Amino acid sequence: MNQIKCPNCKEVFKVDESGFAEIVKQIRDDSFNTEVNNRLAIAKKEKEDAIKLAESETRNSVQKEIADKEKEVTELKMKIQNAESEKENAVKLAEANTKNTLQEKIAKIEKEFTEYKANSEQALTKQISAKDLEITELQSKVSNAETAKQLAITESLKIVEKERDDLKNIVNNKDTEKELLEKSLNEKHSTELKTKDDIIKMKDEEIALRKDMKMKLSTKMLGETLELHCEAEFNKIRTTAFPNAYFGKDNDSSSGTKGDFIFRETDAMGNEIISIMFEMKNENDATTTKKRNEDFFMKLDKDRSTKKCEYAVLVTLLESDSELYSAGIVDVSYHFPKMYVVRPQFFIPIISFLRNAALNSMKYKAELALVKNQNVDITNFEDKMNAFKDGFARNYDLASRKFKTAIDEIDKTIKHLQKTKDALLSSENNLRLANNKAEDLTIKRLTRGNPTMKAKFDSLEDNENE
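> Would you take a moment to explain the confidence of the model for the protein chain for this structure?
When pLDDT drops low, the exact placement of atoms in the prediction is not to be read closely. On average, the protein chain scores 76 in pLDDT, and the residues at 70 or more come to 71%. Of the regions scoring below 50 in pLDDT, residues 214-223 engages in 12 contacts with residues more than four places distant in sequence or in other chains.

And the structure:
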């Protein structure tokens, strides 16, 4: 029967084994379900956040590409407009230059004609003929210039149209590249979402598997699983690596507590090479109150001292996120002497490490034992000499104390006799004084100042005289 105390009313009531197990199962199931629900919620939130992040990244990337393409299209359109403006300006400039040149020529001819008109008719005729010829030539040049202008304009238009067509082709290529990029990004986004969905599905399956496994394993079974693992790892190499070693469960709980396993190894002479007290600690992931490795150091050190083991090793899966305990073999001798903390994968290496160190010190232990054996007689002699000295000193001390006690008693007796002597001398002096006072006592002195007594003594003297 198990006793359970109510935390509210403080009332204690008893339940049988099945009821107690049912209560423990309810508490464990509730805690585990809560933890699983929390983890599922976290996984779902991570999935949603991942999808949102991927969509946001894809959207930002596509928008950036589109903005770049639009910027390039805008620049190309500006180039086309600038080219058309340059073409119009060139045409206008060519027309203006030709017109100005003709006007200058005509003005010059008119001026010269006016000057020559004042001359003779013949000279004027000649001048007119020459000028007509010159005008004809100029008109021919103007015609040729107009033709050249038209040819230049046509060539300029061909160049500008060619540049415009090239720019249009570039714009079309950019649009095609943008569409291909959008398609590629969409496909990439779809692939990433599918991959993330597969990962989330695998996580969900792993959570379901661990949930099923944790429902089947109690805390005691978790600890026993780690113990079975360590025992199986040791048995794999027991015959080859540790043929003379003992490795077994610690079943002695007479001191109130016991460890999990004890490892002992001796040499051919029966001398102990090394001894290790092992403690295995595991923990359910759904446990709300997490234990720390330091919580078990004191008990492990007590078990090591009680079972007379040289070393203490804690094989633990607690504090799985700790960088200290996950680094390898951790020496915690600053807490308790000759104590180490390891993960299960370092179970065999810590035994080999401590055993090799002990084997290296066996030579010095053998030499120390030989020196101890050689010094046995000297030690016994010194023990006997010290015992004789102690006995003699004890007897001398007793005799000295007795002698001192006798001297003290004699001194007390002398003081007592001296006091008696002083009392006797004082009594003799008092008797002498009393005698002197008695001798000085007379009737005259007694009756002095006392007329009644004087009259009585005088009457007595008179009667005696008669």
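> In this structure, what is going on with the pairing of strand β5 (residues 272-281)? I would like to understand it.
Remember that side chains alternate between the two faces of the sheet whenever the strand is regular. Extensive coverage of β5 is indicated by the burial of eight of its 10 residues. Pairing geometry for strand β4 (residues 261-266) and β5, over six bridges, is antiparallel. From the neighbouring strand, Arg 264 faces β5, where its bridge partner is Ser 275. Sheet topology places β5 next to strand β6 (residues 311-316); six bridges connect them, and they run parallel. Within β6, the residue paired with Phe 278 across the bridge is Val 313.

> How should I be thinking about the side chain of Glu 265 in this particular structure?
Tracing the chain through its elements places Glu 265 in strand β4. Residue classification places Glu 265 among the buried residues on the basis of a relative accessible area of 3%. Here the side chain of Glu 265 touches Arg 355 through a polar contact of 2.6 Å, side chain to side chain. The contacts of Glu 265, once residues within four sequence positions are left out, are Phe 242, Asn 244, Ala 245, Asn 271, Glu 272, Ile 273, Ile 274 and Arg 355.

> Explain helix α4 (residues 297-306) to me, please; I cannot follow it from the model alone.
In an α-helix there are 3.6 residues to a turn, and that puts residues three or four apart on one side. All of the buried residues along α4 are Phe 297, Leu 300, Asp 301, Asp 303 and Arg 304. All buried residues of α4 project into a common sector of 160° when viewed along the axis, lining one side.

> So what exactly am I meant to see when it comes to unusual backbone geometry here?
It is generally the case that most residues other than glycine have a negative phi and that most peptide bonds are trans. In this structure, Lys 308 is a non-glycine residue whose phi angle is positive, near 55°. With respect to the helices and strands, the residue Lys 308 is situated in the loop between α4 and β6. With phi around 55°, Lys 338 is a residue other than glycine that occupies positive phi space. Tracing the chain through its elements places Lys 338 in the loop between β7 (330-331) and β8 (339-342). When its relative accessible area of 37% is taken as the criterion, Lys 338 is described as partly exposed.

> Can you help me understand the environment of Ser 333 in this one?
Within the secondary structure, Ser 333 sits in the loop between β7 and β8. Look at Ser 333 and you get partly exposed, because its relative accessible area is 39%. Residues Ser 333 and Ala 312 lie 21 residues apart in sequence; the distance between their C-alpha atoms is 9.8 Å.

> Help me understand a nonpolar patch on the surface in this model?
Taken together, the side chains of Met 385, Phe 388, Phe 392 and Tyr 396 define a hydrophobic patch exposed on the protein surface, amounting to about 490 Å² of accessible area. Mapped onto the elements, Met 385 comes out in helix α7 (residues 376-440). Exposure remark for Met 385: the relative accessible area of 34% places this residue in the partly exposed category.

> I'm lost on the pairing of β6 in this one. Help?
In terms of burial, β6 is a largely internal element, six of the six residues being buried. Bridge count for β6 against β8 is four bridges, and the pairing is parallel. Counted as the bridge partner of Ala 312 is Met 339 from β8.

Rules and cut-offs
Residues numbered from 1 in each chain as written. Predicted model: local features only at pLDDT ≥ 70, side-chain atom pairs only at ≥ 80, totals over all residues. Heavy atoms only, no water. pLDDT = per-residue confidence, 0-100. Contact = heavy atoms within 4.5 Å. Buried < 20%, exposed > 50% of the residue type's maximum accessible area, 1.4 Å probe, protein only. Helix = DSSP H or I, 4+ residues; strand = E, 2+ residues; numbered from the N terminus. Pairing = 2+ DSSP bridges. Polar contact = N/O pair within 3.5 Å; in protein donor to acceptor, adjacent residues only side chain to side chain. Arc of directions from axis to C-beta. Patch = residues over 30% accessible without salt bridge, like charges linked within 9 Å, V, L, I, M, F, W, Y side chains within 5 Å. Areas by Shrake-Rupley, 256 points an atom, 1.4 Å probe, with all protein chains shown as cover. Salt bridge = Lys/Arg side-chain N within 4 Å of Asp/Glu carboxyl O.

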